Amino acid sequence: MTQNPTDDRLVLTQGNLTQVAADAIVNAANTSLLGGGGVDGAIHRAAGPGLLAECRTLHGCPTGEARITGGYHLPARHVIHTVGPVWQGGHRGERGTLARCYHSVFELVERHGLRSVAFPSISTGAYRFPISEAAPIALREMRAALARLPQLERVTVVLFSAADLDVYRQALATAGVPTP
Ligand code: ADP
C-alpha cells in the first residue's frame, strides 16, 4: 500500500477561484476565449474588460490547448485559459483530451517560470464530464507536473462545492494505491 501517494505541494480547497492570489489561475474557457458562463464568466467579471480585450487578440484556442494572459484586476498575476472537452459519453477521446488540457497548462507554467497555479475542475460543469472520472485524471497530471517541475511550489484545486471537494479528496486518497 502506498502510504502517502501525493505531495504536500498539492492542495485541495473549497472556494472561489477568482479570489485566489497565485502566479496563475486556470480558466475553463471555450474555444472562442471570449467569455462564457460558469467559472469563465466569473473570471472575466472579476478581471474586468482588459482581460476580454487581450483574449480578443488571441483568436481562440483549440480544445486541449492553453493560452496565457494577464490577470488584470484579479489577485492572480496571470490567467491560463484552457478548453476542456465536452463529455459525449466517453468514447470520443474525452479522457485523453482532458489530460492534455492539464499538460498544456503546465507547459505554460514551466515556460513562464510560474511557481503557483490554481485550477478549477475543468469540464465538470457545463461540459458535463463526470467529476468522479475527471478528478483522478486531473490529480494524476498535477502529480506528474509536480514531480517534473521543481520550480512549482504550489498547485491548488479550488472546488466550488463541498460535494466536489469530497470527490477530489476521495480520488486523492486512493491515488497510487494499487488495486488488488
Ligand atoms: P466547463 O465548461 O469546463 O464544464 P464550468 O465553468 O461550467 O466549466 O464548470 C467547471 C467547474 O467550475 C464546475 O465544477 C463549477 O462548479 C466550477 N466553478 C464555477 N464558478 C467557479 C468559481 N468562481 N470558482 C471555482 N470554481 C467554479
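Going by the structure above, here's the rest.
A quick note: this is a predicted structure, and the numbers were derived from the prediction, not measured.

Asks: Explanation requested: the sheet that holds strand 3 (residues 66–70) in the structure shown.
Replies: The strands making up a sheet are joined through hydrogen bonds of the backbone, oriented either antiparallel or parallel. Strands sit in the order 1-6-5-2-4-3 across an open sheet of six strands; the sheet is mixed. Of all strands in the sheet, those with a lone pairing partner are strand 1 (10–14) and strand 3, marking the two edges. Strand-to-strand twist of the sheet, defined as the mean angle between neighbouring strand axes without regard to direction, takes the value 25 degrees. For strand 5 (residues 116–119) and strand 6 (residues 154–159), the ladder comprises four bridges, and the chain directions are parallel. Across the sheet, residue Ser116 finds its bridge partner in strand 6, namely Arg154. Sitting on the sheet, helix 1 (residues 38–47) is in contact with strand 2 (24–29) and strand 4 (78–83), with an inclination near 130 degrees to strand 2.

Asks: How do you make sense of the site of the ligand when you look at a structure like this?
Replies: Neighbouring residues of the ligand: 16 residues in total, closest Asn16, Val39, Ser123, Gly125 and Ala126. Here an oxygen atom of the ligand sits 2.9 Å away from a polar atom, N or O, in the main chain of Gly125. Isolated, the ligand exposes 570 Å² of accessible area, and the fraction of that covered by the protein chains is 88%. It is helix 1 that provides the largest number of residues to the shell around the ligand, a total of three residues. Residues of the shell around the ligand, tallied by class, amount to eight nonpolar, seven polar and one charged.

Asks: Any chance you could explain helix 1 here in plain terms?
Replies: Owing to its 3.6 residues per turn, the α-helix aligns residues three or four sequence positions apart on the same side. Considered for burial, the residues of helix 1 that qualify are Asp40, Gly41, Ile43, His44 and Ala47. Down the axis of helix 1, the sector holding all buried residues measures 160 degrees, keeping them to one side. Turned more than 90 degrees away from the buried face of helix 1, the exposed residues are Gly38 and Arg45. Those residues of helix 1 that are buried lie in contact with strand 2, helix 2 (49–56) and strand 4. Of the residues trailing helix 1, Gly48 is marked for its positive phi of about 90 degrees.

Asks: How should the packing of aromatic side chains be read in this particular structure?
Replies: Two measures describe an aromatic ring pair: the distance that separates the ring centres and the angle between the ring planes. Inspection of every chain in the model, using the stated rule, returns three aromatic pairs. Taking 5.3 Å as the distance between ring centres and 50 degrees as the angle between the ring planes, the aromatic pair formed by Phe106 and Phe119 counts as tilted. With a gap of 13 residues between them, Phe106 in helix 3 (residues 94–111) and Phe119 in strand 5 connect regions that are remote in the sequence. Comparing Phe106 with Phe119 shows no difference in burial state: the two are buried.

Conventions adopted
- Residues numbered from 1 in each chain as written.
- Predicted model: local features only at pLDDT ≥ 70, side-chain atom pairs only at ≥ 80, totals over all residues.
- Heavy atoms only, no water.
- Pairing = 2+ DSSP bridges.
- Helix = DSSP H or I, 4+ residues; strand = E, 2+ residues; numbered from the N terminus.
- Axes fitted to C-alpha atoms, helices over the stretch in contact; angles between N-to-C directions.
- Contact = heavy atoms within 4.5 Å.
- Near = heavy atom within 4 Å.
- Polar contact = N/O pair within 3.5 Å; in protein donor to acceptor, adjacent residues only side chain to side chain.
- Areas by Shrake-Rupley, 256 points an atom, 1.4 Å probe, with all protein chains shown as cover.
- Nonpolar A, V, L, I, M, F, W, Y, C, P; charged D, E, K, R; others polar.
- Buried < 20%, exposed > 50% of the residue type's maximum accessible area, 1.4 Å probe, protein only.
- Arc of directions from axis to C-beta.
- Phe/Tyr/Trp six-rings, centres within 6.5 Å; stacked < 30°, edge-to-face > 60°.

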